[in-house]
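# Results of the structural survey
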Amino acid sequence: MAIVVQPYLLEHEAAVAEFNHRLQAGGAEKDLVFYEAATPRWLPPDGSPIFNQYFVATENGLVRGGYALKWQEFWFADGQVRSIGYYHHPLSEGIVNKSYATVGTLLLRDAMQRAPLLYCLGMGGYDRPLPKMLIGLGWKHFAVPFYFRVVNPFRFLRQMQPLRSSRLRTLAADVAAFSGAGTLGLKARSLLAAIQAPAVAAYEIAEFSEFGQWSGTLWNEAKEACSMAAVRDYAALQRLYPADQQHLTRLRISRNGRDIGWGVVGERRKDAKYGDLRVGSIVDCWALPGNALAIVRAAYGKLEAMGMDLIVANQSHGDWCAAFEAAGFMTSESNFIFAASKKLSALLQPLDDVKPRLHFTRADGDGLPRNF
């Protein structure tokens, strides 16, 4: 019997549990499991334009794969708002059983039929199977810049595992840490960036628990600076960052009584590559044109006050990229890849001209609500 891709229903949950068990028994990484529950816990379908759907590939009652599709409205430079599909968490039994090597292709084909305007974001780098498949299909793509700011140089040099991948690299990192050279160099770089940064008028920062109507005004005033951006109006922000997500900190930035932007920050989950570092993330941000640097400073200042050793962010928009660089953030190779289906790419032409005004952050991937 042929493999059929269909909506994930309650009746499939037992088969999904068996699918996950086969993956783990076959040696898959421990986080490579599909959702245990048919109804999404994050962004369930409930009438909002932002929601998740799950689909499974079945064969004779057995589940051989699955994927998630997040629907969200996006603003485009032509003034239109379109519902776009985000393809995430595709998982195939083919990773442990070559007999099912084609399941990944079946899942993607099904998603493209359901959402012709489709994108992927993240994916872990160009060496992974999914981006290779998308490139082979002619999807347009680029790596969204990755930014980081070292707050505690000593701990960074002692804990950052990519810096300690060999005996020689470990020795060099330890020498830089214990001699103080690493601290001096990193601090000097931050100081130089601060000196060279454009002047920023004074601003006020307020923490809040729930987005209000003021955020919708900011969205409308700034959206035309983007060629494509997920709608960040009042309703969308309440949906994405509800008050019960207390692990996130929301910042409202104003100047002389007028709102100029906001930021959402939080501490990342532990990741082996960061050792015991406390890693803060600038999850999302928005600002009136010309005010990005103020929001970046407010965001990293809050994370520093929270005791983070390292602060990270991904940002695609040229104005925000310039703000992160002016704020002393450094860049490194990014594994946070944006890829657009052919029909979505057609709305983003010419891409070289449109790309600098695409607004994507960590929040536009699959990292919310916890893995950001």
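Procedures and definitions
- Residues numbered from 1 in each chain as written.
- Predicted model: local features only at pLDDT ≥ 70, side-chain atom pairs only at ≥ 80, totals over all residues.
- Heavy atoms only, no water.
- Helix = DSSP H or I, 4+ residues; strand = E, 2+ residues; numbered from the N terminus.
- Rg over C-alpha atoms; globule rule 2.2 N^0.38 Å.
- Buried < 20%, exposed > 50% of the residue type's maximum accessible area, 1.4 Å probe, protein only.
- Contact = heavy atoms within 4.5 Å.
- Areas by Shrake-Rupley, 256 points an atom, 1.4 Å probe, with all protein chains shown as cover.
- Lys, Arg positive; Asp, Glu negative; His and termini not counted.
- Charge placed at Lys NZ, Arg CZ, Asp CG, Glu CD.
- Pairing = 2+ DSSP bridges.
- Axes fitted to C-alpha atoms, helices over the stretch in contact; angles between N-to-C directions.
- Core = buried A, V, L, I, M, F, W, Y, C linked by side-chain atoms within 4.5 Å.
- 1 Å grid on protein atoms, 1.4 Å probe; cavity = no way out; pocket = protein on both sides within 12 Å on 5 of 7 lines; lining within 4 Å.
- Points joined across faces, edges and corners; volume = space filled by probe spheres on them.
- Salt bridge = Lys/Arg side-chain N within 4 Å of Asp/Glu carboxyl O.
- Polar contact = N/O pair within 3.5 Å; in protein donor to acceptor, adjacent residues only side chain to side chain.

Moving on, we come to the overall build of the protein chain. Looking only at helices and strands, the protein chain has 12 helices and 16 strands in total. By the compact-globule yardstick of 21 Å for 372 residues, the protein chain fits well, its C-alpha radius of gyration being 22 Å. If you line up the protein chain on its principal axes, its C-alpha atoms span 65 × 55 × 40 Å. Within the protein chain, the fraction of its 372 residues that count as buried is 52%. When contacts within the protein chain are restricted to residue pairs at least 6 apart in sequence, those whose partners lie at least 24 apart make up 71%. Within the structure as shown, the protein chain displays about 17,000 Å² of accessible surface, and the carbon and sulfur contribution to it stands at 53%. Taking the average location of the 40 positive side-chain charges in the protein chain and that of its 35 negative ones, the two points are 5 Å from each other.

It is worth spelling out the sheet that holds strand β10 (residues 248–255) at this point. To summarise the sheet geometry, strands pair through backbone hydrogen bonds and adopt either a parallel or an antiparallel arrangement. Reading across the sheet, the 7 strands line up as β8-β10-β11-β12-β13-β7-β14 and stay open at both edges, with mixed pairing between neighbours. Of all strands in the sheet, those bounded by a partner on one side alone are β8 (204–208) and β14 (330–332). Adjacent strand axes in the sheet meet at a mean angle of 30° when their direction is disregarded. Across 5 bridges, β8 lies against β10 in antiparallel orientation. Pairing of Phe208 across the sheet is with Arg250, part of β10.

Turning our attention to the nonpolar core. The biggest cluster of nonpolar side chains holds 55 residues, and the ones touching the most others in it are Tyr241, Ile282 and Phe329. Of all the secondary-structure elements, those providing two or more residues to this core are α7 (214–222), α8 (234–240), β10, β11 (258–267), β12 (279–287), α9 (292–305), β13 (310–314) and α10 (318–326). The greatest single-element share of this core, amounting to 9 residues, is contributed by α9. Those residues in contact with Phe329, other than ones at most four positions away along the chain, are Tyr147, Phe148, Arg149, Arg189, Ile282, Val296, Tyr300, Ile311 and Phe324.

Turning our attention to the layout of surface pockets. To find leftover empty space, one rolls a probe the size of a water molecule over the atoms. Considered as a void within the structure, the second largest pocket measures approximately 300 Å³ in volume. Together, 24 residues line the second largest pocket, and Leu288, Pro289, Gly290, Asn291 and Ala292 are the ones closest to its centre. Contributing elements (two or more residues each) for the lining of the second largest pocket: β12, α9 and α10. Ranked by residues supplied to the lining of the second largest pocket, first place goes to α10 with 5 residues.

This part is about the pattern of salt bridges. For the structure on display, the rule yields 15 salt bridges. Among the ionic pairs, Arg22 bridges to Glu93, the shortest N-O distance being 2.9 Å. With Arg22 in helix α1 (residues 13–25) and Glu93 in the loop between β4 (81–92) and α2 (103–114), this residue pair connects regions lying 71 residues apart in the sequence. Of the residues examined, Glu93 reaches a relative accessible area of 4% and is grouped as buried. Between Arg82 and Asp78 there is a salt bridge, with the nearest N and O atoms lying 2.7 Å from each other. The exposure class assigned to Asp78 is partly exposed, which follows from its relative accessible area of 46%. Salt bridges here are not isolated pairs; linked through shared partners, they connect Arg22, Glu59, Arg64 and Glu93.

As for its position among the elements, Arg64 is in strand β3 (residues 62–76). Among the polar contacts made by the side chain of Arg64, one reaches the side chain of Glu59 at a distance of 3.0 Å. Filtering out sequence-adjacent residues up to four positions away, Arg64 remains in contact with Ile3, Phe19, Arg22, Ala57, Glu59, Leu91, Ser92, Glu93, Tyr100 and Val103.

Bringing unusual backbone geometry into the picture now. Cis geometry marks the peptide bond from Gln349 to Pro350; its omega dihedral reads -5°. For Pro350, the location among the structural elements is in the loop between α11 (342–345) and α12 (351–354). The backbone of Leu43 sits at a positive phi, close to 60°, despite the residue not being glycine. Positionally, Leu43 belongs in the loop between α1 and β2 (51–59). Looking at Leu43, the relative accessible area reads 4%, which means it is buried. Non-glycine residue Met123 carries a positive phi angle of around 70°. Within the element layout of this structure, Met123 appears in strand β5 (residues 118–123).

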